[in-house]
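In case you want the letters, here they are:
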Amino acid sequence: MAAHIEGVEHHSIKVKGLTLHYAAAGDEDAPLVVLLHGFPECWYSWRHQLTALAAAGYRAVAPDQRGFARSDAPALVEAYTLPNLVGDVVSLVRQLDRERFAVVGHDWGAPVAWLTAQLRPDLVRGVVGLSVPPPVPDPGDTPPLTALSEMFDGRFYQNYFCQPGVADAEFAEAPENTFRRFLYGASGDNPQTDPPPQPLVPPGSTFLETLAEPKELPAWLTEDDIAVFTEEYRHNGFTGGLNLYRNIDRNWELSAAWDALPIQVPALYVVGDRDLVGVFPGMDQLLPALQQLNPTLHPTVTLPGCGHWTQQERPAEVNAALLDFLGGLPD
């Protein structure tokens, strides 16, 4: 099913040899806000924000990140590092003939947004991360995937996602079921996320088997939404998104170049209190210390009863938080 949203345009643009698709809304000369999705998502994850930002006087642009939906998908796994993705954002903005912008990211889009702000404060007016908090200095000597495998006997979902071809085939077998289980299973409407469990895959199980099958969809998610996501993923499948997980250790190595580099622009973190990210190892110590570690960070916005799909589950609250934050940014 093709999505049609009144006031939302679709464009393609060449970025460093790749063709990226993006959805956009609002006056082309209005202040620019770039919206970065996560996995398994695409531009459509921002359907509620595109129109709300446009109505408030912004130019909202939501690209399909490399490997997702309608954008090009490089074949090499190592083409999906955070520096690659940040480069796509910077190049996209340059192609749009803009010098300054705000950036908002959810799930995997959040680390891309945070790093864009860290590396390019000359371009970024402000940064918002949904679900995934800003990075902190990492003094460790053990690659993250190794540490997680040792901590959970190889059962952590990120280790499962990194097995070549396994999750790719699982998710592609019945995409409608994949999106239904993903979007409901990690949402605040699933009773199992109160409180959220550690996302572990037992031996002999698949990832989707760990997610509840909804008897009915929550109010924020429709069968038409499931159909749109399914159609958007028809071309590239799930491998491009999974390749982001397969670069976790590579990103950890590369991050030595910007480790402890402070975020110098205004920043905001928005999270649901039933988001599974909140139970990841170390989060119990990190989350209370965020503001001390990031002096430009505004007070965290916590959404009661909200799970992982922040801007889809709570569009009104997220839109209000974004508009309040964006309205206070310097030119």
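Rules and cut-offs
Residues numbered from 1 in each chain as written. Predicted model: local features only at pLDDT ≥ 70, side-chain atom pairs only at ≥ 80, totals over all residues. Heavy atoms only, no water. Axes fitted to C-alpha atoms, helices over the stretch in contact; angles between N-to-C directions. Helix = DSSP H or I, 4+ residues; strand = E, 2+ residues; numbered from the N terminus. Parallel < 35°, antiparallel > 145°, perpendicular 65-115°, else oblique. Contact = heavy atoms within 4.5 Å. Nonpolar A, V, L, I, M, F, W, Y, C, P; charged D, E, K, R; others polar. Buried < 20%, exposed > 50% of the residue type's maximum accessible area, 1.4 Å probe, protein only. Pairing = 2+ DSSP bridges. Right-handed = clockwise from strand over helix to strand, strands pointing away.

Colleague: I'd love a proper account of the packing of helix 6 (residues 166–173) against helix 7 (residues 175–185), names of residues and values included.
Modeller: Interhelical geometry of helix 6 versus helix 7 gives an angle of 100° and a closest axis separation of 5 Å. In terms of their interaxial angle, helix 6 and helix 7 are classed as roughly perpendicular. Residue-level contacts link Glu170, Phe171, Ala172 and Glu173 of helix 6 to Pro175, Thr178 and Phe182 of helix 7. Grouping the constituent residues of the contact of helix 6 with helix 7 by class yields four nonpolar, one polar and two charged.

Colleague: Break down the pairing of strand 6 (residues 124–130) for me, with residues and values.
Modeller: Across the seven residues of strand 6, seven count as buried, placing the element largely inside the fold. Two strands pair when backbone bridges link them, and strand 5 (residues 101–106) and strand 6 are joined in this way by six bridges, in the parallel orientation. Residue pairing across strands places Val104 opposite Val128, the latter belonging to strand 6. With helix 3 (residues 109–119) bridging strand 5 and its parallel neighbour strand 6, the resulting β-α-β unit is right-handed. Relative to strand 7 (residues 267–272), strand 6 runs parallel, the two being bridged by four bridges. Directly across from Leu130, in strand 7, lies its bridge partner Val270.

Colleague: Please set out helix 1 (residues 47–55) residue by residue, giving values where relevant.
Modeller: Along helix 1, the residues classified as buried are Arg47, Gln49, Leu50 and Leu53. Check the buried side of helix 1 and you find it contacts strand 2 (18–25), strand 3 (32–36), strand 4 (59–63), helix 8 (223–232), helix 13 (310–313) and helix 14 (315–327). Phi turns positive, to about 100°, at Gly57, one or two residues after helix 1.

Colleague: Requested: an account of the pairing of strand 5, with residues and values cited.
Modeller: In terms of residue burial, strand 5 counts as a mostly covered element, since six of its six residues are buried. Burial along strand 5 is two-sided: the face carrying Phe101, Val103 and Gly105 and the face carrying Ala102, Val104 and His106 are both buried. Alignment of strand 3 against strand 5, held across four bridges, turns out to be parallel. The residue bridging Val34 from the neighbouring strand is Val103, located in strand 5.

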